[in-house]
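Commentary on secondary and tertiary structure
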Amino acid sequence: QVLVVESGGGLVQPGGSLRLSCQASGFTFGNYAMGWVRQAPGKGQEWVSAISRYGTTTYYADSVKGRFTISRDNAKNTLYLQLNSLKTEDTAMYFCAKHRLTITNIEEARRLYEYNYWGRGTQVTVSS
């Protein structure tokens with residue numbers, strides 16, 4: 001059974017930082033690209049970031065580029081998202097997702113329909 005479970009969300013002030021984690025199980029983690037998607041209250045899903053299966057290539061939405069860093073530890077079956085310089089508009093539920101394949105470009109990384117397993121999310125709230 002494929003499972004991805006997020007953790008690390010919380011309440012943080014603007015300008016603060018958080019580190020999200022995603023523990024994966026039930027599949028060969030290192031064979032697939034992984035990504036993060038967020039959904040703010042009353043809004044649709046927004047792709048945030050993705051990482052190739054070996055972690056050698058990373059992709060970011062323009063809204064988070066330079067502030068967020070995605071990484072993975074294939075030995076631990078864990079995906080991470082470091083969130084720095086947080087803004088109130090980063091408030092959202094953050095979901096970890098397994099990509100259906102490997103990815104070779106940002107267009108493939110952005111396709112939400114290519115992510116075939118999703119976690120339940122971890123809430124990030126940025127507020128003073």
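Note that this is a predicted model, so its numbers are computed, not measured.

So, on to the state of the cysteines. Using the criterion set out here, one finds one disulfide in the structure. Residue Cys22 pairs covalently with Cys96 via a disulfide, S to S 2.0 Å. Its torsion about the S-S bond being -70 degrees, the disulfide of Cys22 and Cys96 is classed as left-handed. Of this pair, Cys22 sits in strand E3 (residues 18-25) while Cys96 is found in strand E9 (residues 92-99), placing the two residues 74 residues apart along the sequence. The pair Cys22 / Cys96 is uniform in exposure class, with both members buried.

The alternating pattern of strand E11 (residues 122-126) places Thr122, Val124 and Val126 on a buried face and Gln123 and Thr125 on a face that is not buried. Pairing of strand E2 (residues 10-12) with E11 involves three bridges; the strand directions are parallel. Bridging across to E11, Gly10 finds its partner in Val124. Both E9 and E11 contribute to a ladder of three bridges, which runs antiparallel. Its bridge partner lying in E11, Met93 is registered against Gln123.

A word on the sheet that holds strand E7 (residues 68-73). Strands sit in the order E1-E3-E8-E7 across an open sheet of four strands; the sheet is antiparallel. In the strand order of this sheet, the two ends are held by strand E1 (3-7) and E7, each with one partner. Mean inter-strand twist for the sheet, computed between neighbouring axes without regard to direction, equals 15 degrees. In this sheet, strand E8 (residues 78-83) lies alongside E3 in antiparallel orientation, the contact comprising six bridges. Directly across from Ser21, in E8, lies its bridge partner Tyr80.

Trp36, Leu79, Leu81 and Tyr94 are the most contacted members of the largest nonpolar core, which has 37 residues in total. Of all elements in the fold, only E3, strand E4 (34-39), strand E5 (45-51), strand E6 (58-60), E7, E8, E9 and E11 reach the threshold of two or more residues within this core.

For the coordinates displayed, the defined rule picks out three aromatic pairs. With 6.2 Å between their ring centres and 50 degrees between their planes, Phe27 and Phe29 make a pair best called tilted. Here Phe27 falls in the buried class, since its relative accessible area comes to 14%. Judged by relative accessible area, which is 2%, Phe29 ranks as buried. Note on Tyr115 and Trp118: the rings are 6.1 Å apart at their centroids and 65 degrees apart in plane angle, and the pair reads as edge-to-face. You can call Tyr115 buried: its relative accessible area is 4%. Taken together, Phe27, Phe29 and Tyr32 form an aromatic cluster joined through their ring pairs. Here the guanidinium or amino end of Arg72 rests over the ring plane of Phe29, the centre of that ring lying 4.3 Å away.

About the thresholds
Residues numbered from 1 in each chain as written. Predicted model: local features only at pLDDT ≥ 70, side-chain atom pairs only at ≥ 80, totals over all residues. Heavy atoms only, no water. Disulfide = S-S within 2.5 Å. Helix = DSSP H or I, 4+ residues; strand = E, 2+ residues; numbered from the N terminus. Buried < 20%, exposed > 50% of the residue type's maximum accessible area, 1.4 Å probe, protein only. Pairing = 2+ DSSP bridges. Axes fitted to C-alpha atoms, helices over the stretch in contact; angles between N-to-C directions. Core = buried A, V, L, I, M, F, W, Y, C linked by side-chain atoms within 4.5 Å. Phe/Tyr/Trp six-rings, centres within 6.5 Å; stacked < 30°, edge-to-face > 60°. Lys NZ or Arg CZ within 6 Å of the ring centre and 35° of its normal.

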